[in-house]
Amino acid sequence: MTRLSLRWRLVVAGAAAIIVALGLAAAGLAALFAGHVERRAIAELEVHLDQVLAGLTRDQSGRLLVAPPADPRFRRPYGGLYWQIDLAGDTLRSRSLWDHRLALPPDEVADGAVHVHRIGGPGDAPLLALERMVSLPAPLGGGRVRAAVALNAAELDAARNAFLADLAPYLGLLAAALIAAGWVQVGIGLRPMRRIGSRVAAIRSGRAHRIGEDWPAEVRPLATELDGLLAAREADIMRARARAGDLAHGLKTPLQALMGEAGRLSQAGDAAHAESIEAIARAMQRHVDRELARTRVAAGAAASRCDPAEVCGRVIEVARRTAAGERLAWHLDGGAQIPMAAIDAADLAEALGALVENAARHARSRVELAVRYAAGEVSVAVRDDGPGIEPDLLEKVTARGMRLDEAGTGLGLAIAADIAEAAGGRLVLANREKGLEASLLLPVAAP
């Protein structure tokens, strides 16, 4: 039950409640119908009892006789309708009783009072019996007689069962209609939950910034808390960016001082120490640049968009003016109908700059950039005609959880990978027939 969705939980619980309620209603209706049928049967038995008593006569010998009622069931053996009259020392019975005698309970019945009993009848059939004590008038010889008529109670049970059989299809249709109505009601009631999921997805993709307040009263507290959480997250990101900027500015002066000190040492003839200090300063500067790039991209990637082919063109123009790029042939294949990529143009340029710098450093004569769109991703590939990466090192670089700088490939590829991951994409490296191909796979920007 805990794994069921809210819709199924509500629908199953509602269906169970409907079935139980209709079952109780069916039982109640059956009881009401049975009571009504029994009352009608008792009224019919009272009429038969009056007919039996009205038919009492004496023959010439003084023997008490009964003119049987007109209902033929009294004359058919075990016909389901019976009468019996007990008087002192004698018992008169209907032909339908045949050789059976009504076993009336030994109770005291006042003259004219009527008692109703459930007794056994012929063949152990259940009977509904009605009895009355009557004082006979003088022309009939006086005295008291105990008169009773009985009806086969199985007929009453059959009538109740037939009523339930007729009622069952309608109850089934009613249950189906109520369950369907419950399904629709639950769907309408849970529609805000689907809307809030879509709104969160829109925030994640950058198409919206807040959940909003246009929600039912039950959902509005959740929306308000989510908006508060988003606002707190944005504030944390802004503070992180500010701290990263402060850190960069705080390190800028010491790094410049180190570079100046290295220059003075070089002028003083201590070139070895000067080169060591410069290497340390440059490494620190690259790490600072990397962390700043990661912080900046993580803060604004969701709402960013750019034309990857245009960015590639700008990066190539810059690379051609470098010492390493002047000797190479550069080629750009921009593709056709390439959608916008979900990354800031400056961030993509920084990532491509790192890849292009690496390609220019290892290429022999040519560097190619290609922009493609496939499987819902924008691919920006940089391929050189150099020696590529050793297979063992490439396997380490592409292993899950391996940092590119830890694998010994330098910070250029590591920064490109960080920028791609912060934008929701990834960096893929592969040795091709001629050289290394580094591909940035980026998500497509929302319309």
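Everything discussed here concerns the structure shown above.
Remember, predicted model here, so these are calculated numbers, not experimental data.

A closer look at the overall build of the protein chain
Logical step 1: Of the regular secondary structure elements, the protein chain holds eight helices and 12 strands.
Logical step 2: For the protein chain, with 447 residues in total, the buried portion stands at 35%.
Logical step 3: Once local pairs closer than 6 in sequence are excluded, the contacts in the protein chain between residues at least 24 apart make up 57%.
Logical step 4: Accessible surface, the protein chain as shown: approximately 25,300 Å² in total, 58% of it carbon and sulfur.

Considerations on helix 5 (residues 308-320)
Logical step 1: For helix 5, with 13 residues, the first-to-last C-alpha span of 18 Å sits near the 18 Å given by 1.5 Å per residue.
Logical step 2: Residues of helix 5 that are buried include every one of Pro308, Val311, Cys312, Val315, Ile316 and Ala319, and no others. Taken around the axis of helix 5, the buried residues stretch over an arc of 140 degrees, which confines them to a single face.
Logical step 3: Looking at the buried positions of helix 5, the neighbouring elements they touch are strand 8 (329-333), helix 6 (345-362), strand 9 (366-374) and strand 10 (377-384).

Overview of the packing of helix 1 (residues 6-54) against helix 2 (residues 154-205)
Logical step 1: Their axes nearest at 8 Å, the elements helix 1 and helix 2 cross at an angle of 155 degrees. Classed by the angle they form, the pair helix 1 and helix 2 counts as roughly antiparallel. Both helix 1 and helix 2 take part in a crossing whose hand is right-handed.
Logical step 2: Looking at the contact of helix 1 with helix 2 residue by residue, the class counts come to 27 nonpolar, one polar and four charged.

Looking at the sheet that holds strand 3 (residues 81-87)
Each strand in a sheet pairs with its neighbour through backbone hydrogen bonds, running either in the same direction (parallel) or in the opposite one (antiparallel).
Logical step 1: Pairing is antiparallel across the open sheet formed by five strands, whose spatial order is 4-3-7-6-5. Both edges of this open sheet fall to strand 4 (90-93) and strand 5 (114-120), since each of them pairs with a single strand only. Here the average twist between neighbouring strands, direction ignored, is 20 degrees.
Logical step 2: For strand 3 and strand 7 (residues 144-152), the ladder comprises six bridges, and the chain directions are antiparallel. Bridging from a neighbouring strand, Tyr82 pairs with Ala150 of strand 7.
Logical step 3: Helix-sheet contacts for helix 2 involve strand 5, strand 6 (126-135) and strand 7, and the interaxial angle to strand 7 is about 35 degrees.

Re the pairing of strand 6
Logical step 1: With seven of its 10 residues buried, strand 6 lies for the most part within the structure.
Logical step 2: The sheet contact formed by strand 5 and strand 6 spans seven bridges and is antiparallel. Bridge pairing in strand 6 places Val114 opposite Arg132.

Overview of the nonpolar core
Logical step 1: Grouped together as the largest cluster of nonpolar side chains are 39 residues, with contacts concentrated most on Trp330, Leu352, Leu355 and Leu440.
Logical step 2: Of all the secondary structure elements, the ones that give two or more residues to this core are helix 5, helix 6, strand 9, strand 10, helix 8 (411-422), strand 11 (426-431) and strand 12 (436-443).
Logical step 3: The residues touching Trp330, leaving out its near neighbours within four places in the chain, are Ile316, Ala319, Arg320, Gly325, Val356, Ala360, Val367 and Leu369.

Looking at the environment of Ala88
Logical step 1: Examined against the element boundaries, Ala88 turns out to sit in the loop between strand 3 and strand 4.
Logical step 2: Here Ala88 falls in the exposed class, since its relative accessible area comes to 78%.
Logical step 3: The spacing of Ala88 and Arg146 is 58 residues in sequence and 9.5 Å in space, taken between C-alpha atoms.

Here's the deal with the sheet that holds strand 11
Logical step 1: The five strands lie next to each other as 8-9-10-12-11, forming an open sheet whose pairing is mixed. On the outer flanks of this sheet lie strand 8 and strand 11, each paired with one strand and no other. With strand direction ignored, the average angle separating the axes of adjacent strands in the sheet is 15 degrees.
Logical step 2: Note that strand 8 and strand 9 share five bridges and pair parallel. Following the sheet pairing, His331 is matched in strand 9 by Glu368.
Logical step 3: Relative to the sheet, helix 5 contacts strand 8, strand 9 and strand 10, its axis offset from that of strand 8 by approximately 175 degrees.
Logical step 4: Contacting strand 8, strand 9, strand 10, strand 11 and strand 12, helix 6 runs over the sheet at an angle of about 170 degrees to strand 12.

Looking at the side chain of Asp71
Logical step 1: Mapped onto the elements of the fold, Asp71 is located in the loop between strand 2 (64-66) and strand 3.
Logical step 2: At 3.0 Å, the side chain of Asp71 and the side chain of Arg73 are in polar contact.
Logical step 3: In contact with Asp71, not counting residues within four places along its chain, are His48 and Leu81.

Notes on empty space enclosed by the protein
Logical step 1: Evaluation of the coordinates by the stated rule reveals one cavity of 30 Å³ or more.
Logical step 2: In this structure, the largest cavity occupies an estimated 50 Å³ of space.
Logical step 3: Forming the boundary of the largest cavity are Leu355, Asn358, Ala359, Val382, Asp384, Leu413, Leu436 and Ala438.
Logical step 4: Taken together, the elements giving at least two residues each to the lining of the largest cavity come down to helix 6, strand 10 and strand 12.
Logical step 5: Looking at the lining of the largest cavity element by element, the count peaks at three residues for helix 6.
Logical step 6: Counted by class, the lining of the largest cavity contains six nonpolar, one polar and one charged residues.

Some points on the pairing of strand 9
Logical step 1: Taking the sense of rotation as the criterion, the β-α-β connection linking strand 8, helix 6 and strand 9 turns out left-handed.
Logical step 2: What sits between the antiparallel neighbours strand 9 and strand 10 is a turn of two residues, in which Ala375 has the positive phi angle 55 degrees.

The rules behind these values
Residues numbered from 1 in each chain as written. Predicted model: local features only at pLDDT ≥ 70, side-chain atom pairs only at ≥ 80, totals over all residues. Heavy atoms only, no water. Helix = DSSP H or I, 4+ residues; strand = E, 2+ residues; numbered from the N terminus. Buried < 20%, exposed > 50% of the residue type's maximum accessible area, 1.4 Å probe, protein only. Contact = heavy atoms within 4.5 Å. Areas by Shrake-Rupley, 256 points an atom, 1.4 Å probe, with all protein chains shown as cover. Expected span 1.5 Å × (residues − 1). Arc of directions from axis to C-beta. Axes fitted to C-alpha atoms, helices over the stretch in contact; angles between N-to-C directions. Parallel < 35°, antiparallel > 145°, perpendicular 65-115°, else oblique. Left-handed = near helix turned anticlockwise from the far one by under 90°. Nonpolar A, V, L, I, M, F, W, Y, C, P; charged D, E, K, R; others polar. Pairing = 2+ DSSP bridges. Core = buried A, V, L, I, M, F, W, Y, C linked by side-chain atoms within 4.5 Å. Polar contact = N/O pair within 3.5 Å; in protein donor to acceptor, adjacent residues only side chain to side chain. 1 Å grid on protein atoms, 1.4 Å probe; cavity = no way out; pocket = protein on both sides within 12 Å on 5 of 7 lines; lining within 4 Å. Points joined across faces, edges and corners; volume = space filled by probe spheres on them. Right-handed = clockwise from strand over helix to strand, strands pointing away.

Structural measurements only, silent on function.
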